[in-house]
Amino acid sequence: MNGLEEDMTTLSKKKAAFRTTRRGELKLANSAMGGDVVRGIVEALTNADDSYSRLAASNNVRNGQILIEIDRTPKKRSFTVRDRAEGMIYEEMDVKLREKGLSSSGFDAGENVRGNLGFGLKDLVGLGSFQFESIKDDKYSCFAVTEFAEDDEDKIVKNRPATKADRDRLNVRKNGSSVTVFLKTGVKLPNKKTLLEK
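Residues numbered from 1 in each chain as written. Predicted model: local features only at pLDDT ≥ 70, side-chain atom pairs only at ≥ 80, totals over all residues. Heavy atoms only, no water.

Please clarify how the sheet that holds strand β2 (residues 78–83) should be interpreted in this entry.
Hydrogen bonds along the backbone pair up the strands of a sheet, which may run parallel or antiparallel. One open sheet holds the 6 strands; their spatial order is β1-β2-β6-β3-β4-β5, and the pairing between them is antiparallel. Taken across any chain shown, the strands that pair with only one partner, and hence form the sheet edges, are β1 (66–71) and β5 (157–161). When the angles between neighbouring strand axes are averaged without regard to direction, this sheet yields 15 degrees. Here β2 runs beside strand β6 (residues 176–183); their pairing, made up of 6 bridges, is antiparallel. Note on β6: the bridge partner recorded for T80 is T180. (Pairing = 2+ DSSP bridges. Helix = DSSP H or I, 4+ residues; strand = E, 2+ residues; numbered from the N terminus. Axes fitted to C-alpha atoms, helices over the stretch in contact; angles between N-to-C directions.)

Have a look at this one:
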């Protein structure tokens with residue numbers, strides 16, 4: 001471990017000197033996403049791909065599908081990215097999706113993953129409200145955030161038994177996750193040609 005890595009490890013164990021308000025979180029997320037739906041899709045894809053990489057490293061699976069869905073209907077303008085990788089229980093979501101800058105991808109431990117900043121999915125709120133649904137070990141959970149960076153209490157679910165309807169909706173046989181971003185007013189959904197080019 002080099003000096004910088006040691007410093008980062010020490011830093012991650014200490015209490016931060018600064019706090020961020022909801023307004024600050026939104027400004028940071030808006031800046032990170034820049035209203036670009038492609039950035040959001042790439043972030044969700046990277047997380048799904050990293051999950052498959054961790055599974056491959058533990059010899060559980062070599063590869064898997066990542067599905068991207070776009071809904072262009074005026075009332076449901078959204079994109080969804082689905083995988084059949086590790087999945088998460090609610091307690092994992094609560095830490096990994098709530099804490100910015102947390103080293104949780106495995107990058108710092110030398111795993112073959114791309115996520116390394118601990119900001120990614122949290123910044124999706126810069127595009128609108130989002131929900132992260134997951135099934136792991138037969139438990140269904142949902143972490144949901146409004147476009148104002150507040151918990152969406154009506155949608156949050158903590159580790160209830162996964163149903164056939166959950167599995168069908170998420171297209172998950174065993175474990176897996178799905179992130180859906182409902183685009184806020186002013187965020188443009190690129191046309192199919194632009195998405196394919198990027």
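The rest of the description comes next.
So what exactly am I meant to see when it comes to the packing of aromatic side chains here?
Remark: the centre distance and the inter-plane angle together describe each pair of aromatic rings, the angle taken between the planes. This structure, assessed with the given rule, holds 1 aromatic pair. Judged by centre distance (6.5 Å) and plane angle (40 degrees), the rings of Y90 and F143 are tilted. Here Y90, found in helix α4 (residues 90–96), pairs with F143, found in strand β4 (residues 139–145); they are 53 residues apart in sequence, far enough to count as distant. One exposure class covers both Y90 and F143, and it is buried. Against the face of F182 rests K155, its NZ or CZ located 5.1 Å from the ring centre. (Phe/Tyr/Trp six-rings, centres within 6.5 Å; stacked < 30°, edge-to-face > 60°. Buried < 20%, exposed > 50% of the residue type's maximum accessible area, 1.4 Å probe, protein only. Lys NZ or Arg CZ within 6 Å of the ring centre and 35° of its normal.)

What exactly am I supposed to notice about the pairing of β4 here?
Successive residues of a regular strand alternate their side chains across the two faces of the sheet. With 6 of 7 residues buried, β4 lies mostly within the body of the structure. As judged from the 7 bridges shared by strand β3 (residues 128–136) and β4, these two strands associate in the antiparallel manner. Paired with S134 across the bridge in β4 is S141. The loop that links β3 with its antiparallel partner β4 comprises 2 residues; one of these, D137, has a positive phi angle of about 50 degrees. Note: β4 against β5, 3 bridges, orientation antiparallel. From the neighbouring strand, Y140 faces β5, where its bridge partner is R160.

Help me out: how do you make sense of the side chain of S78 in this one?
Tracing the chain through its elements places S78 in strand β2. Ignoring any residue separated from it by four or fewer positions in sequence, one finds S78 in contact with E69, I70, D71, T180, V181, F182 and L183. (Contact = heavy atoms within 4.5 Å.)

What should I look at first to understand the nonpolar core in this one?
The biggest cluster of nonpolar side chains holds 32 residues, and the ones touching the most others in it are F79 and L124. Here the element with the most residues in this core is β4; it accounts for 5 residues. If sequence neighbours within four positions are ignored, F79 has contacts with V37, G40, I41, E69, I70, L124, L127, V179, T180, V181 and L183. (Core = buried A, V, L, I, M, F, W, Y, C linked by side-chain atoms within 4.5 Å.)

These figures capture arrangement, not role.
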